[in-house]
Amino acid sequence: SQQGEEDPQALSIQEGENATMNCSYKTSINNLQWYRQNSGRGLVHLILIRSNEREKHSGRLRVTLDTSKKSSSLLITASRAADTASYFCATASFPGSEKLVFGKGMKLTVNP
Amino acid sequence: DAGITQSPRHKVTETGTPVTLRCHQTENHRYMYWYRQDPGHGLRLIHYSYGVKDTDKGEVSDGYSVSRSKTEDFLLTLESATSSQTSVYFCAISESGRGQVETQYFGPGTRLLVL
């Protein structure tokens with residue numbers, strides 16, 4: 001059963017622009033995570049935000065979490081062609097879970 | 001890829017044959033997971049393990065079994081492969097803490113084609 005739903009499903013931007021991806025989920029969570037997948041490769045963890053956090057930064061990445069709206073957003077600033085990939089949000093359910101539930105992912109294309 | 005290997009990386013097999021995929025980690029993480037990835041479905045959990053000989057089912061476990069006899073190895077077996085099991089299979093590991101799953105680290109994947 002899908003928990004997270006990324007939006008938009010596909011996004012195409014020019015290098016240097018910012019990219020914003022959204023994730024909505026259905027049930028209460030302990031944490032929400034974002035992953036990147038380059039074509040033909042495994043997923044790579046980007047950032048984890050806990051339910052008691054509202055915003056987190058990592059380099060050019062900024063993640064926000066709104067638990068009242070059950071949504072999160074991932075902002076990539078000053079995008080590069082190398083950011084071209086699929087991005088997934090994943091949630092760990094409250095009160096505790098040993099499993100992550102992944103969304104279907106969204107495709108970001110950054111044109112040089 | 002965080003000390004995770006999967007073998008084989010590619011496999012073509014025929015319907016009805018058993019297939020075993022192997023995941024090996026060098027990180028000594030407690031949790032290991034098997035996912036399948038299909039277009040339009042994202043990643044779906046097949047089975048996972050929370051310790052040696054301790055496993056549990058995921059969302060799409062029918063037709064699959066797993067075994068974990070050592071911390072470092074997690075095997076996924078398709079008992080009698082079907083064309084619907086054609087997919088890319090990913091192994092992941094995690095050192096969950098405080099009763100909740102934390103960061104997962106993924107292997108490079110195995111592409112399986114069942115003819």
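### Here we look at the pattern of salt bridges
Enumeration over the complete set of coordinates arrives at eight salt bridges over all chains. Note that E102(B) is salt-bridged to R50(A), the shortest N-O span being 2.9 Å. One end of the pair, E102(B), is in the loop between β9 (87-94) and β10 (104-106); the other, R50(A), is in strand β5 (residues 43-50), on a second chain. Exposure remark for R50(A): the relative accessible area of 22% places this residue in the partly exposed category. With its nearest N and O atoms 2.9 Å apart, the salt bridge here joins R60(A) to D83(A). In this pair, R60(A) is assigned in the loop between β6 (55-58) and β7 (61-66) and D83(A) in the loop between β8 (71-76) and β9 (85-93), connecting sequence segments 23 residues apart. Taking the relative accessible area as the measure of exposure, R60(A) reaches 22% and is therefore partly exposed. With relative accessibility at 8%, the residue D83(A) sits in the buried group.

### Side note on the packing of aromatic side chains
Tallied over the full model, the rule gives 10 aromatic pairs over all chains. An angle of 55 degrees between the planes, with centres 5.4 Å apart, marks the rings of Y35(A) and F102(A) as tilted. Taken together, the residues Y35(A) in strand β4 (residues 29-37) and F102(A) in strand β10 (residues 101-102) connect sequence positions 67 residues apart. The pair Y35(A) / F102(A) is uniform in exposure class, with both members buried. Among the aromatic residues, ring-to-ring pairing joins Y35(A), F102(A), Y31(B), Y33(B), Y35(B), Y48(B), Y50(B) and F106(B) into one connected group.

### As for unusual backbone geometry
With omega at -10 degrees, the peptide bond leading from S7(B) into P8(B) counts as cis. By the element assignment, P8(B) lies in the loop between β1 (4-7) and β2 (10-13). For K70(A), which is not glycine, the phi torsion reads 50 degrees and is therefore positive. As for its placement among the helices and strands, K70(A) is situated in the loop between β7 and β8. Although it is not a glycine, K53(B) adopts a positive phi angle of roughly 65 degrees. Mapped onto the elements, K53(B) comes out in the loop between β5 (42-51) and β6 (54-57).

Procedures and definitions
Residues numbered from 1 in each chain as written. Chains lettered and ligands numbered in written order. Predicted model: local features only at pLDDT ≥ 70, side-chain atom pairs only at ≥ 80, totals over all residues. Heavy atoms only, no water. Salt bridge = Lys/Arg side-chain N within 4 Å of Asp/Glu carboxyl O. Helix = DSSP H or I, 4+ residues; strand = E, 2+ residues; numbered from the N terminus. Buried < 20%, exposed > 50% of the residue type's maximum accessible area, 1.4 Å probe, protein only. Phe/Tyr/Trp six-rings, centres within 6.5 Å; stacked < 30°, edge-to-face > 60°.

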